[in-house]
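Here is how the chains run, residue by residue.
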Amino acid sequence: SGVLDAALKEITRVAAATLEVGRCSIWLLPEDHSTLTCKDLYDASTKTHSSGIELRAENFPRYFRELLSE
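Since the model is a prediction, treat every value here as computed from it, not as a measurement.

Trainee: Any chance you could break down the packing of aromatic side chains for me, citing the residues and the numbers?
Mentor: In total, this model carries one aromatic pair according to the counting rule given. A centroid spacing of 6.2 Å and a plane angle of 75 degrees characterise the contact between Tyr63 and Phe64, whose relative ring orientation is edge-to-face. You can call Tyr63 partly exposed: its relative accessible area is 46%. Owing to a relative accessible area of 4%, Phe64 belongs among the buried residues under this scheme.

Below you can see the structure in the form of structure tokens.
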């Protein structure tokens, strides 16, 4: 877990700098599409990382519908 966490932090930091954006994040969507879980969110303005935010499909139905549409 420690190696993956460090890799995700590096990926989000480098992506934010490369894309010149204020925030960059990596989210996981399980096979049942019930939640989105933030594995790492990098905030360039404060140079901080956070994780663990969870979005439940039942609370954001339109967002999940669009996310899952082809």
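Trainee: How would you explain unusual backbone geometry if you had to name every residue and give the values?
Mentor: Unlike most non-glycine residues, Glu20 shows phi in positive territory, near 55 degrees. Within the secondary structure layout, Glu20 lies in the loop between helix H1 (2-19) and strand E1 (23-28). Look at His33: it is not a glycine, yet its phi comes out positive at around 60 degrees. With respect to the secondary-structure elements, His33 resides in the loop between E1 and strand E2 (35-43). With relative accessibility at 36%, the residue His33 sits in the partly exposed group.

Trainee: Which residues make up the pattern of salt bridges, and what are the values?
Mentor: In this structure the tally under the stated criterion is three salt bridges. In this structure, the salt-bridge partner of Glu10 is Arg13, at a minimum N-O distance of 2.8 Å. Of this pair, Glu10 and Arg13 both sit in helix H1, separated by three residues, roughly a single helical turn.

Trainee: Tell me about a nonpolar patch on the surface, residues and numbers included.
Mentor: Among the surface-exposed residues, Leu29, Phe60, Tyr63, Leu67 and Leu68 lie close enough to one another that they form a single nonpolar patch of about 430 Å² accessible area. As for its placement among the helices and strands, Leu29 is situated in the loop between E1 and E2.

What counts, and at which threshold
Residues numbered from 1 in each chain as written. Predicted model: local features only at pLDDT ≥ 70, side-chain atom pairs only at ≥ 80, totals over all residues. Heavy atoms only, no water. Phe/Tyr/Trp six-rings, centres within 6.5 Å; stacked < 30°, edge-to-face > 60°. Buried < 20%, exposed > 50% of the residue type's maximum accessible area, 1.4 Å probe, protein only. Helix = DSSP H or I, 4+ residues; strand = E, 2+ residues; numbered from the N terminus. Salt bridge = Lys/Arg side-chain N within 4 Å of Asp/Glu carboxyl O. Patch = residues over 30% accessible without salt bridge, like charges linked within 9 Å, V, L, I, M, F, W, Y side chains within 5 Å. Areas by Shrake-Rupley, 256 points an atom, 1.4 Å probe, with all protein chains shown as cover.

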